Amino acid sequence: MDSPTSQFTDRLALLFETDGQPPIAGRVFGLLLLSDDALSLPELAQSLGVSKASVSTNTRLLARLGMIEPVRREGSRRDYYRIAPDLFERSMALRLARWRRFTEVIGEGRRTLPLASAGVRERLEQYERAFSYMAAAIGRAMVQWRGVPSPRLASTGSRR
């Protein structure tokens, strides 16, 4: 792997690690992001200088996160992976879903827990309003950007 590619994948590794993901997942993602073709586990492992087992574990993680997808090649028994074609929409939909779940949990807690003080109640209300507003705004922006409503982005209303 050339130096600029290595630097790019290393920077993604640091970003992934900051988000609590394994650094190797960031390197695999970076290499696939720069590849025109789907790559096999041995190709990924060799290019990154890591074990096939590590690549296998991290490609499964990235696939579960919707960032990459497996590809079959006729006549080959190997697994190949590529960046998901709708990566941006998928990643935004996952983030929005997390924000919506967070908002729902905060709202449920605000409504059902015996809160000790008005300050705690106000804090939860502010969080619920802020996350609900931002999730709705980003959902609308994604629908506008895409031009066609997506089932993953369609639910932009808040549940109060």
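Residues numbered from 1 in each chain as written. Predicted model: local features only at pLDDT ≥ 70, side-chain atom pairs only at ≥ 80, totals over all residues. Heavy atoms only, no water.

### Here we look at the nonpolar core
Within the largest apolar cluster, 21 residues are counted, with the highest numbers of intra-cluster contacts made by Val28, Phe29, Leu32, Leu44, Leu62, Met67 and Ile68. If you list the elements that add at least two residues to this core, you get helix 1 (3–18), helix 2 (23–33), helix 3 (41–48), helix 4 (52–64) and strand 3 (80–83). At six residues, helix 2 tops the list of elements feeding residues into this core. Beyond its immediate chain neighbours, meaning those up to four positions away, Leu62 contacts Phe16, Ala25, Val28, Phe29, Met67 and Ile68. (Core = buried A, V, L, I, M, F, W, Y, C linked by side-chain atoms within 4.5 Å. Buried < 20%, exposed > 50% of the residue type's maximum accessible area, 1.4 Å probe, protein only. Helix = DSSP H or I, 4+ residues; strand = E, 2+ residues; numbered from the N terminus. Contact = heavy atoms within 4.5 Å.)

### Some points on the sheet that holds strand 1 (residues 39–40)
One open sheet holds the three strands; their spatial order is 1-3-2, and the pairing between them is antiparallel. Where the open sheet ends on each side, the last strands, each with one partner, are strand 1 and strand 2 (68–71). The sheet contact formed by strand 2 and strand 3 spans four bridges and is antiparallel. Within strand 3, the position partnered with Ile68 by the bridge is Ile83. (Pairing = 2+ DSSP bridges.)

### Digging into the environment of Pro42
Among the secondary structure elements, Pro42 is positioned in helix 3. You can call Pro42 partly exposed: its relative accessible area is 27%. Put simply, Pro42 and Leu96 are 54 residues apart on the chain and 34 Å apart in space, counted from C-alpha to C-alpha. Among residues more than four places away in sequence, those in contact with Pro42 are Lys52 and Arg78.

### Remarks on the packing of aromatic side chains
Enumeration according to the criterion identifies six aromatic pairs in this entry. Ring centres of Phe16 and Phe29 lie 5.7 Å apart, and the angle between their planes is 40°; this geometry places the pair in the tilted category. One end of the pair, Phe16, is in helix 1; the other, Phe29, is in helix 2, and 13 residues separate them in sequence. Across the pair, exposure class does not vary: Phe16 and Phe29 are buried alike. Arranged with centres 5.4 Å apart and planes meeting at 80°, the rings of Trp99 and Phe131 form a pair that is edge-to-face. With Trp99 in helix 5 (residues 87–112) and Phe131 in helix 6 (residues 118–146), the pair connects residues that are 32 residues apart, well separated along the chain. On the accessibility criterion, Trp99 (31% relative accessible area) is partly exposed. By the ring-pair criterion, three or more aromatic residues cluster together here, those being Trp99, Phe102, Tyr127 and Phe131. When the ring centre of Tyr80 is taken as reference, the NZ or CZ atom of Arg73 above it lies at 4.1 Å. (Phe/Tyr/Trp six-rings, centres within 6.5 Å; stacked < 30°, edge-to-face > 60°. Lys NZ or Arg CZ within 6 Å of the ring centre and 35° of its normal.)

Geometric descriptors of this kind do not, in isolation, establish any biological role.
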